[in-house]
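Now for the letters of each chain:
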Amino acid sequence: MSKSTNPETIALHGGDYRSDPATTAVAVPIYRTTSYQFNNTDHAANLFGLKEFGNIYTRIMNPTNDVLEKRVAALENGLACVTVGSGQAASTFAIMNMCQSGDNFISSTDLYGGTVNLFTHTLKKLGIECRYADPSDPKNFEKLVDDKTRCFYAETLPNPYLRVFPIKEVSDIGRKHNIPLIMDNTAAPIICKPLDHGAAIVVHSLTKFIGGHGTVIGGCLVDGGNFDWTADPKRQPLYNEPDHSYGGAVWGEVVPQLTGANVAFAVRARVCLLRDLGAPLAPDNAWGIIQGLETAPLRMKQHCSNAEKVVDFLTKHKNVERVIYPTLHKGEVGNRAKKYFKGGNGALCGIEVKGGVEAGKKFIEALKMFYHVANIGDARSLAIHPATTTHSQLTEKELLAAGVTPGYVRLSIGIEHPDDIIADLKQALDASGKPSLKAVG
Ligand code: PLP
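Residues numbered from 1 in each chain as written. Predicted model: local features only at pLDDT ≥ 70, side-chain atom pairs only at ≥ 80, totals over all residues. Heavy atoms only, no water.

Caption draft 1: Spatial organisation of the domain arrangement of the protein. Looking at the assigned domains, one finds that the protein contains domain 1 (7-292) and domain 2 (297-440). Using only C-alpha atoms to locate each centre, domain 1 and domain 2 end up separated by 30 Å. Taken together, the contacts link 40 residues of domain 1 with 45 residues of domain 2. Surface buried jointly by domain 1 and domain 2 totals about 3400 Å² across both partners, of which 61% is contributed by carbon and sulfur atoms. At the boundary of domain 1 and domain 2, one finds two salt bridges. The shortest N-O distance in the salt bridge between Glu-8 and Lys-301 comes to 2.7 Å. (Domains from an automatic or database assignment. Contact = heavy atoms within 4.5 Å. Buried area = accessible area lost by both parts, 1.4 Å probe. Salt bridge = Lys/Arg side-chain N within 4 Å of Asp/Glu carboxyl O.)

Caption draft 2: Focus on unusual backbone geometry. Cis rather than trans, the peptide bond between Asn-159 and Pro-160 has omega equal to 10°. With respect to the element layout, Pro-160 can be found in the loop between strand 4 (149-155) and helix 7 (167-176). With a phi angle near 60°, Leu-50 is a residue other than glycine that sits in the positive phi range. Within the secondary structure, Leu-50 sits in the loop between helix 2 (41-48) and helix 3 (63-75). Judged by relative accessible area, Leu-50 falls into the buried class, the value being 7%. Within the chain, Ile-190 stands out as a residue other than glycine whose phi angle is a positive 70°. Residue Ile-190 is classed as buried on the basis of its relative accessible area of 17%. (Helix = DSSP H or I, 4+ residues; strand = E, 2+ residues; numbered from the N terminus. Buried < 20%, exposed > 50% of the residue type's maximum accessible area, 1.4 Å probe, protein only.)

Caption draft 3: Expanded view of helix 9 (residues 251-259). Restricting attention to buried positions, one finds in helix 9 the residues Trp-251, Gly-252 and Val-255. Along the axis of helix 9, the buried residues cluster in a sector spanning 95°; they form a single face. Residue Gly-260 follows helix 9 closely and has a positive phi angle near 75°. (Arc of directions from axis to C-beta.)

Caption draft 4: Highlighting the site of the ligand. Within the structure, the ligand sits among 13 residues, and Gly-87, Asp-184, Ser-205, Thr-207 and Lys-208 are positioned closest to it. In the environment of the ligand, an oxygen atom lies 2.9 Å from a nitrogen or oxygen atom belonging to the backbone of Gly-87. A distance of 2.6 Å separates an oxygen atom of the ligand from a polar side-chain atom of Thr-207. Surface burial for the ligand is 89%, taken as the share of its 390 Å² of free accessible area covered by protein chains. Residue classes in the shell around the ligand are distributed as three nonpolar, seven polar and three charged. (Near = heavy atom within 4 Å. Polar contact = N/O pair within 3.5 Å; in protein donor to acceptor, adjacent residues only side chain to side chain. Areas by Shrake-Rupley, 256 points an atom, 1.4 Å probe, with all protein chains shown as cover. Nonpolar A, V, L, I, M, F, W, Y, C, P; charged D, E, K, R; others polar.)

Caption draft 5: Region of the structure containing the sheet that holds strand 6 (residues 201-205). One open sheet holds the seven strands; their spatial order is 1-7-6-5-4-2-3, and the pairing between them is mixed. Every other strand in the sheet has two partners, leaving strand 1 (80-84) and strand 3 (129-133) as the edge strands with one partner each. Between one strand axis and the next, the sheet turns by 20° as a mean value, whatever way the strands run. Of the strand pairs in this sheet, strand 1 and strand 7 (residues 219-223) are connected by five bridges, and their pairing is antiparallel. Bridging across to strand 7, Val-82 finds its partner in Leu-221. Running at roughly 130° to strand 1, helix 3 makes contact with strand 1, strand 6 and strand 7 of the sheet. (Pairing = 2+ DSSP bridges. Axes fitted to C-alpha atoms, helices over the stretch in contact; angles between N-to-C directions.)

Structure (structure tokens):
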């Protein structure tokens, strides 16, 4: 078991996996099994009754996933982690683990488009209301709180604005009201640890930088173990009232008693939400993500250092109207990167290509090495035009609120040699400024 606090070491040795207990295999094996033989009937009853913790059924837990969960929890300075089938499932579970019909939660307006759909439409149909707060002033969160507000939600490094979220400021407001802050840390693993700044829960799309190779979809929820679920029973009824789906368990009380740890959120997500809603991460996919995780700290360094060089190049190119990057914001917002990030400012950057939509399209089409895909966080460099793709299901008002202007292009800078990345961007930007053959002819 590694006690190191260095991400490079945690990614390889974190959690309690040293070698496979059955075979001594060093690489984490894929446990392709749905179920686990109980030792006897008492053992089976104890597992189901949570008197003992152990494997029951792969919808709820799996030894391959367990290694990934422990390593991600350690990387985030959390106490426990639950993997799920995608980042979307992680966001859904995070909210549903605190809110029921009639409740509300407050989310930052700076969000991934898919999360906006989930919050605005799908959760609404389940009777859960999302109230949106502009994060440019953290007090906007407080203004929307009422006695049915169960949690706050935000992304560490949301695109397209790439304004680092005021984690401590909003978490302090939440804690005053016994409201936990959930941070989606998908775009800033390793370089930011939201739990250290007061967030209670971290969610990830493991599909992105942690998996890192564009091969696997996955997500997870990390329980920081730093939130008192029983401090205000009316604020968190799901942790203070008997759960009739589990023999009347009061999760906020029973989990610390059984485990000796403040991980009621993680246990409830596993034994209630994975049990009832499904959406587990397949062990094969957990294995794929572990391969990425083992080198993620190294890749993040290269992603971030490449991005800085790219940003420097872009700010000087005549066909670029505007460059968006966390440290380019003025004042308080720009300072947040310094306050919350360590070891880099992320791999995402945005550009407004001179000439609007047509120039933006030309630029994307002229890219030779960059892939034109709906993804971020691949080892390869990626580009997309959000207004016509990832954010296309949003209304015009929602698009503007999300900061998606017509000519905006999002870049996810990969780990190729920076000279090659810049050369591809240069030739595409040069092409974006030239009149097209059609226009000439
Ligand atoms: N959160 C963020 C910030 C994302 O960018 C994405 C996907 O693009 C998700 C969550 C959803 O993750 P997944 O695609 O793994 O469901």
